[in-house]
Amino acid sequence: MPSKKNGFYKNIAYYKMTGGKSDVGRQRTGSSLSEDDKSLGLLSFGAIVSLIVWYLTSFLTLFMNKYTLTNLQAEAVLFSTVQIVVSTIVGGINMYWPCYMGRATRECVRRPFSFYTNMMFVGLTRFLVVFLGLISLEYVAVSFTETVKSSAPLFTVVISFLMLRERNGIYVQLSLIPIMTGLVLCSAYEISFTLVGFLAALGTNLAECLQFVLSKMSLSGEASRTTPAEFQFYSCFASTILQIPICLVLMNYEQASQTTFHIFVWMVLNGLMYHYQTMTAWVLMEYVSPVTHSVCNTVKRAIAIWLSVLVFGNSVTLLSGIGTGVVILGVLMYNKARDFEQRRHERHETRTLLIDNDSKTVV
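Residues numbered from 1 in each chain as written. Predicted model: local features only at pLDDT ≥ 70, side-chain atom pairs only at ≥ 80, totals over all residues. Heavy atoms only, no water.

A. The overall build of the chain, seen in detail. Across its full length, the chain carries 15 helices and 0 strands. Out of the 363 residues in the chain, the part that is buried amounts to 51%. Pairs at least 24 residues apart make up 91% of the contacts formed inside the chain by residues separated by at least 6 positions. On the chain, roughly 17900 Å² of surface is accessible, and the fraction owed to carbon and sulfur atoms is 68%. (Helix = DSSP H or I, 4+ residues; strand = E, 2+ residues; numbered from the N terminus. Buried < 20%, exposed > 50% of the residue type's maximum accessible area, 1.4 Å probe, protein only. Contact = heavy atoms within 4.5 Å. Areas by Shrake-Rupley, 256 points an atom, 1.4 Å probe, with all protein chains shown as cover.)

B. Fine view of the packing of helix α4 (residues 45-70) against helix α13 (residues 261-287). Relative to each other, α4 and α13 sit at 150°, their axes nearing to 8 Å. Looking at the two axes, α4 sits roughly antiparallel to α13. Both α4 and α13 take part in a crossing whose hand is left-handed. Of the residues in the contact of α4 with α13, the class split is 16 nonpolar, 10 polar and no charged. (Axes fitted to C-alpha atoms, helices over the stretch in contact; angles between N-to-C directions. Parallel < 35°, antiparallel > 145°, perpendicular 65-115°, else oblique. Left-handed = near helix turned anticlockwise from the far one by under 90°. Nonpolar A, V, L, I, M, F, W, Y, C, P; charged D, E, K, R; others polar.)

C. Examining the side chain of S58 more closely. When you line up the elements, S58 lands in helix α4. Classification of S58 by relative accessible area gives buried; the value is 7%. Beyond its immediate chain neighbours, meaning those up to four positions away, S58 contacts Q277 and K300.

D. Just a nonpolar patch on the surface, in detail. On the surface, a cluster of nonpolar side chains totalling about 550 Å² of accessible area is made up of I170, Y171, L174, I177, M180 and F340. In terms of residues, the nonpolar patch owes the most to one element, helix α9 (residues 170-189), which gives 5 residues. Summarising the element assignment, M180 is placed in helix α9. (Patch = residues over 30% accessible without salt bridge, like charges linked within 9 Å, V, L, I, M, F, W, Y side chains within 5 Å. Salt bridge = Lys/Arg side-chain N within 4 Å of Asp/Glu carboxyl O.)

E. Main features of the side chain of S235. Considering the arrangement of structural elements, one finds S235 in helix α11 (residues 228-250). The exposure class of S235 is buried, given its relative accessible area of 0%. A distance of 3.1 Å separates polar atoms of two side chains, one belonging to S235 and the other to R126. (Polar contact = N/O pair within 3.5 Å; in protein donor to acceptor, adjacent residues only side chain to side chain.)

F. Main features of the nonpolar core. Formed by 39 residues in total, the largest nonpolar core has its most connected members in L51, W54, Y55, L62, L69, M267 and L284. Looking at this core, the elements with two or more residues in it are α4, α5 (76-96), α6 (113-139), α11, α13 and α14 (290-312). Residues in contact with W54, not counting those within four places in the same chain, are Q277, T280, A281, L284, H293, C296, N297 and K300. Counting residues in hydrophobic clusters, the runner-up holds 22 residues, among them F144, F155, V157 and C209. (Core = buried A, V, L, I, M, F, W, Y, C linked by side-chain atoms within 4.5 Å.)

G. Focus on the packing of α4 against α6. Close contact between α4 and α6 brings their axes to 9 Å; oriented N to C, the two are set at 65°. Of the two possible hands of crossing, α4 and α6 adopt the one that is right-handed. Seen from α4, the contacting residues are L62, N65, K66, L69 and T70; seen from α6, they are L134, L137 and E138. Broken down by class, the residue content of the contact of α4 with α6 amounts to 4 nonpolar, 2 polar and 2 charged.

H. Summary view of unusual backbone geometry. A positive phi angle, close to 55°, is found at Q73, a residue other than glycine. Tracing the chain through its elements places Q73 in the loop between α4 and α5.

I. Quick look at the confidence of the model for the chain. For the chain, the average pLDDT comes to 75, and 76% of its residues sit at 70 or higher. Ranking the elements of the chain by mean pLDDT puts helix α1 (residues 7-17) last with 39 and helix α12 (residues 253-256) first with 88. Residue range residues 1-31 is modelled with pLDDT below 50. Its contacts to residues more than four positions away, or to other chains, number 71 contacts. (pLDDT = per-residue confidence, 0-100.)

J. The arrangement of the environment of I135 in detail. With respect to the secondary-structure elements, I135 resides in helix α6. Take I135: its relative accessible area is 16%, and that puts it in the buried class. Each C-alpha atom of the pair I135 and G197 lies 6.7 Å from the other, and the pair is 62 residues apart in sequence. Among all residues touching I135, those that are not within four sequence positions of it are A76, V196 and A200.

Structural data, given as structure tokens:
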């Protein structure tokens, strides 16, 4: 009887074996950066451009989503489907014309069947991220949604433990306390709080963390190397296959029938912003370390929270504002603790290797 440890299960074993420390962005793309760009990191021209475009497209996606849902009254299921389909089409085009976002696909590579089955898992989580994110924006304020999303490290630690049995040190565990405290404060004193919106935001967080962990496990190994555009295309194509039947079942046909050409154009523009938001995030990963990337993401969410308050005029209570600040502080502490523990683990491994080599030499 053939062993089940192939495909997805084999990749889980590989991910555990490597300690989950591989950088998805660099591993997937086989980075084509020059040594100067690598040494400069976030200060390189490509990294600065990627960071600016990532921030701009992220803010535009967020605000356009809220406007399309609340002001234009777009149907959420149809809206999420259009976003994914547009991202699939543009991702297919960017595979051969990447527009300075990674390298172009030169030839058709035969990939193992497990690669495509793994992409279905990633595609499912991508659908959930988009769909639940739109539902949360429909029911609660943008600032509250982004605050809940900022608590992602809490979910990442839990999911990594449940799926990979990955244990974290005391510093990482302590950094989760302010994240949980801030989240409780925001939820308890948020004026726009609704249970549906809160659960949808939590679901988005959970799906996003699952997507990241599954991506790392699914794309481990030489046969799974892809460019950012290839990854975007395959994962979005898988998401489209899964999403269309769900759309046909869950869609509010009465509301969807009121979709005008103007609303449809806004949906397509949202899809374009969503695509380039994701693409530039992966491209930036080639220039910087995972910790730097995570800090940039935290700063982006903090800016988005306060920009949304200014743009939409959301009322924020004092304790809710304090809760938001505590969450952001907790995430920064988590990033620092994660980096410290990883460096300590690497020093321990190096010391152990040196001791083993010395003992072999003596023998």
